[in-house]
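What follows is the residue order along each chain.
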Amino acid sequence: MSEDRPVYDLLPAVHRNRDAELGHPLRALLEPVEEELRRLREDIDGLYDNWFVETCAEWVLPYLGDLLGVEPVAASPDGAAPRRAFIANTLRHRRRKGTPATLEQLAQDITGLPAKVVEYFQLLGTTQHVNHPRLGNLRTPDLRDTGRLQLLGTPFDQVARTADVRHVDRGRGRYNLGAVGLHLWRLSSHPYTDVDARAVDAAAGCWTFDPAGRDLPLFTRRRGGPTRETEIPAPLHRLTLHQHMEQLLSGPDPVFRIGLRAPHRLIAADLSEWTRPPATTDGPPWVAVDPLLGRFTLPPGMEPDRVRVDFNQGSPGDIGAGPHDRRATLGTALAAAGTSWPDTVDWQIGVSRNHAQDPREPSYGRVVATLHEAVQAWNTRPDQAPGQTGVIVVMDSATYHENLTGKRAIEIPPGNRLLLVAAHWPSGLIPQPPDTPASAPGPFAAAGPRPHLVGSLEVVAPLGRAARPGELVLDGLSVEGGITVRPGDLDSLVVSDCTVIGRLLATDNPRLTVRLIRTVCAGVWLDGTLPGLRLSDSILSNGRAVLASLADVEIEACTILGTTLARTLTASDSILRGGIDVREGGQGYLRYSYAPLQSNVSRRYRCHPADPVAAARVAPSFTSERPGAPGFCRLAADGPSEIATGAEDGGALGAFHFLHQPWWMADLTAQLDRYLRFGLEAGVFFADPTDPTDAFLEGQQ
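As the structure is a prediction and not an experimental result, all values here were calculated from the model.

So, the sheet that holds strand β4 (residues 198-201)
- With mixed pairing, the five strands of this open sheet are ordered in space as β4-β5-β9-β8-β7. The sheet terminates laterally at β4 and β7 (265-268), the two strands that pair on one side only. Strand-to-strand, the axes of this sheet are offset by a mean angle of 30°, without reference to chain direction.
- The pairing of β4 with strand β5 (residues 206-208) spans three bridges and is antiparallel.

This is the structure:
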């Protein structure tokens, strides 16, 4: 349109030609005018967008809420308005208030979690009037109905109960007149695509969906529409898979897929003993799947070298390696060393086991099949010079059976920087494209791929100084072994959104600072001369989690199950359950955190427990403490409030502080009474399923 054209282009051609003959003085005069006009247009466009709740700026939301009479959310730490979806749907909710569907949608708008409303007064075991029979409300359940009995204790339980006179809004009673339960699923279901299944015993046909060989339950996927048993983020049970096999596995987005070249049929089975399905002659062979253990077995005669699977796995939050969007945390990782990365990279390469099928290879650059080839290309690249920046992008979710150790270790020459990231193929430029959020660095999508390295990784930096620090950034990787920094002169190691099943070891790098950001690791051991360790939003699960007797350790919103040894310690909003031993107690502090009273730390400020009496009651409890489990290190719903709201801003202590659970819980409970029918009271419950694999492993022991 003409109003979008530059002012200079709107002038008659005769004036523009004359201006060109004189050296463009008129164009130079109009450039400031054009800049002011551009700002005016942007302001007008912004004012138009602010008319609508879907497109308005964040600061406009309180004003739109005032127009609707929506009270501000006092529980929000920064005084922000209620969530955008809640304001957008306020009128719709008010027209349908008092109905279960409205309560469910209200909870989803405020918390972002799937919800299920149960009217417990409908499930009371009462004498029924002959004019109003409730045929499904039986006084005693049918013990032959295994499908219904499997739902006992869940939000989908339809078995009648005797009356419970305690108040449901206090979380104690449920089955009573006027009682309504609002159940929320705190776990999320992450989809994994084209993952290499792990062969536990290929000759015996024993495989696990998890590429690390762990027994992890498969999850159903959250979908739109009413909340049903098969459409919530929860472990998939064997009976559910058997009864709804066609529904769960049909369509373009099945719950799981086993990629076998030969035609096959699936059956649900209990594979705790690795029972193999028998060979058949009346059709395609059977493949047995145990969704609770994440196992599958192949019939005799079927011994593939590689099986690629799709499945869904539960997670309490976006910590560790996974297919979630990591662009924001990658930006934090790149800026962690304090020196900004350049706008362009000097060297790049892609890694994919299936790169021969990638049609983008000729136009985007070189792609190799192994991590060793990529690291070797980086180590031996020509024209090495200080200040160079390289990127290795792992483009798939394959399993790489190799060790990047010894002569295959990653080398970081003085002043060089290397980013090893799980993402899609970059175009070679660090600046953001127009459609990428401002917080996201790079033109590649740091989401989707989740490669798994069966082996260990080493990095070494030759001695030498440069104007820019030598740095290695690892993002989105799953490492089954450990990560080792050999003696040298590395300045910075950043491990972001990674899962390291082994330990991170570092020795004798006099300027090295190790940083972990939203990472799950067994432990961090620093030996020799290393100045610093920085941990944020991370989980360390080993018995001796942090050994850094000569380093200054800073911990922010972390969960550490093992002991912590440091020269000095500064910790906030964290759980340090294994105890603390600080060598120089006169420095540092522990604030708004949990640590045993016998911990050796100089200063404690508003920490828990406060005294020996409180120590017997206040202690963190978790949904699961098994690494990789769906509820690993997520605070249990029935834990003490001092841990659930003990952070400086009123949030939960530990690695999942960033989920802001206490705030949206306060938001939800403040709004419930406005949408309930007269005479009803509601209680909020977390539908956190117990990990079925934990019970199985305890039985094996």
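Okay, back to it.
Side note on the packing of helix α6 (residues 100-111) against helix α15 (residues 661-672)
- Running from N to C, α6 and α15 point in directions that differ by 150°, and their axes come no closer than 9 Å. In terms of their interaxial angle, α6 and α15 are classed as roughly antiparallel. As for the relative orientation of α6 and α15, their crossing is right-handed in sense. Contact residues: Leu103, Leu106, Ala107, Ile110 and Thr111 in α6; Trp664, Asp667, Leu668, Gln671 and Leu672 in α15.
- Per-class residue counts for the contact of α6 with α15 are seven nonpolar, two polar and one charged.

Details of the pattern of salt bridges
- Scanning all chains against the criterion turns up 36 salt bridges.
- Notably, a salt bridge pairs Asp475 with Arg326, separated by 2.9 Å at the nearest N-O pair. Linking Asp475 in strand β19 (residues 471-475) with Arg326 in the loop between β10 (308-315) and α10 (327-334), this pair joins segments that are 149 residues apart in sequence. Here Asp475 matches Arg326 in class, with each residue buried.
- Several salt bridges share partner residues, and in doing so they unite Glu35, Glu36, Arg38, Arg39 and Glu42 into one network.

Remarks on the side chain of Thr389
- Counting through the fold element by element, Thr389 comes out in strand β13 (residues 389-394).
- Filtering out sequence-adjacent residues up to four positions away, Thr389 remains in contact with Trp341, Pro342, Val345, Asp346, Trp347, Trp378, Arg417 and Arg468.

Some details on the packing of aromatic side chains
- Scanning the entire structure with this criterion turns up 13 aromatic pairs.
- Between Trp59 and Tyr63, the ring centres sit 6.2 Å apart and the planes meet at 80°, which makes this aromatic pair edge-to-face. This pair shows no difference in class: Trp59 is exposed, exactly as Tyr63 is.
- Taking 6.4 Å as the distance between ring centres and 35° as the angle between the ring planes, the aromatic pair formed by Phe656 and Phe658 counts as tilted. Of the two residues, Phe656 and Phe658, neither departs from the other in class, the shared state being buried.
- Among the aromatic residues, ring-to-ring pairing joins Tyr192, Trp207, Phe209, Phe256, Phe296 and Phe311 into one connected group.
- The ring of Tyr675 is capped by Lys97, whose NZ or CZ atom sits 5.7 Å from the centre of that ring.
- Seen from the ring of Trp378, Arg381 lies directly overhead, with NZ or CZ sitting 3.6 Å from the centre.

Concerning empty space enclosed by the protein
- Considering all chains together, one arrives at five cavities of 30 Å³ or more under this definition.
- There is about 70 Å³ of room inside the largest cavity.
- Leu371, Val394, Tyr400, Leu404, Leu420, Pro451, His452, Leu453, Leu457, Leu477 and Ser478 are the residues that line the largest cavity.

Digging into the environment of Pro689
- Looking at the secondary structure, you find Pro689 in the loop between β35 (681-686) and α16 (692-700).
- Note on Pro689: relative accessible area 27%, which makes it partly exposed.
- Once the C-alpha coordinates of Pro689 and Arg186 are considered, the two residues, 503 residues apart in sequence, prove to be 9.8 Å apart.

A closer look at the layout of surface pockets
- Taken as a whole, the largest pocket encloses approximately 780 Å³ of empty space.
- Lining the largest pocket are 41 residues; nearest its centre among them are Ala637, Gln661, Met665, Val684 and Phe686.
- Those elements that provide at least two residues to the lining of the largest pocket are α14 (641-644), α15 and β35.
- If one sorts the elements of the lining of the largest pocket by residue count, β35 sits on top with six residues.
- Counted by class, the lining of the largest pocket contains 22 nonpolar, 12 polar and seven charged residues.

Considerations on a nonpolar patch on the surface
- There is a patch of nonpolar side chains on the surface, built from Tyr48, Trp51 and Phe52 and spanning about 430 Å² of accessible area.
- Checked against the element boundaries, Trp51 lands in the loop between α2 (25-49) and α3 (61-68).

What to know about the sheet that holds β10
- In space, the three strands of this open sheet follow the order β3-β10-β6, with antiparallel pairing throughout. One side of each edge strand has no neighbouring strand; the edge strands of this open sheet are β3 (188-196) and β6 (257-259). Neighbour to neighbour, the strand axes of the sheet diverge by 25° on average, direction disregarded.
- Alignment of β6 against β10, held across three bridges, turns out to be antiparallel.

Description of the environment of Met665
- With respect to the helices and strands, Met665 occurs in helix α15.
- For the pair Met665 and Gly173, spaced 492 residues apart in sequence, the C-alpha separation works out to 19 Å.
- Beyond its immediate chain neighbours, meaning those up to four positions away, Met665 contacts Leu184, Val684 and Phe686.

Considering the state of the cysteines
- Inspection of every chain in the model, using the stated rule, returns zero disulfides.
- Unpaired in terms of disulfides, Cys498 finds its nearest cysteine sulfur in Cys521, a separation of 9.7 Å.
- Cys633 takes part in no disulfide bond, and the closest cysteine sulfur to it belongs to Cys558, at a distance of 11 Å.

The rules we used
Residues numbered from 1 in each chain as written. Predicted model: local features only at pLDDT ≥ 70, side-chain atom pairs only at ≥ 80, totals over all residues. Heavy atoms only, no water. Pairing = 2+ DSSP bridges. Helix = DSSP H or I, 4+ residues; strand = E, 2+ residues; numbered from the N terminus. Axes fitted to C-alpha atoms, helices over the stretch in contact; angles between N-to-C directions. Parallel < 35°, antiparallel > 145°, perpendicular 65-115°, else oblique. Left-handed = near helix turned anticlockwise from the far one by under 90°. Contact = heavy atoms within 4.5 Å. Nonpolar A, V, L, I, M, F, W, Y, C, P; charged D, E, K, R; others polar. Salt bridge = Lys/Arg side-chain N within 4 Å of Asp/Glu carboxyl O. Buried < 20%, exposed > 50% of the residue type's maximum accessible area, 1.4 Å probe, protein only. Phe/Tyr/Trp six-rings, centres within 6.5 Å; stacked < 30°, edge-to-face > 60°. Lys NZ or Arg CZ within 6 Å of the ring centre and 35° of its normal. 1 Å grid on protein atoms, 1.4 Å probe; cavity = no way out; pocket = protein on both sides within 12 Å on 5 of 7 lines; lining within 4 Å. Points joined across faces, edges and corners; volume = space filled by probe spheres on them. Patch = residues over 30% accessible without salt bridge, like charges linked within 9 Å, V, L, I, M, F, W, Y side chains within 5 Å. Areas by Shrake-Rupley, 256 points an atom, 1.4 Å probe, with all protein chains shown as cover. Disulfide = S-S within 2.5 Å.

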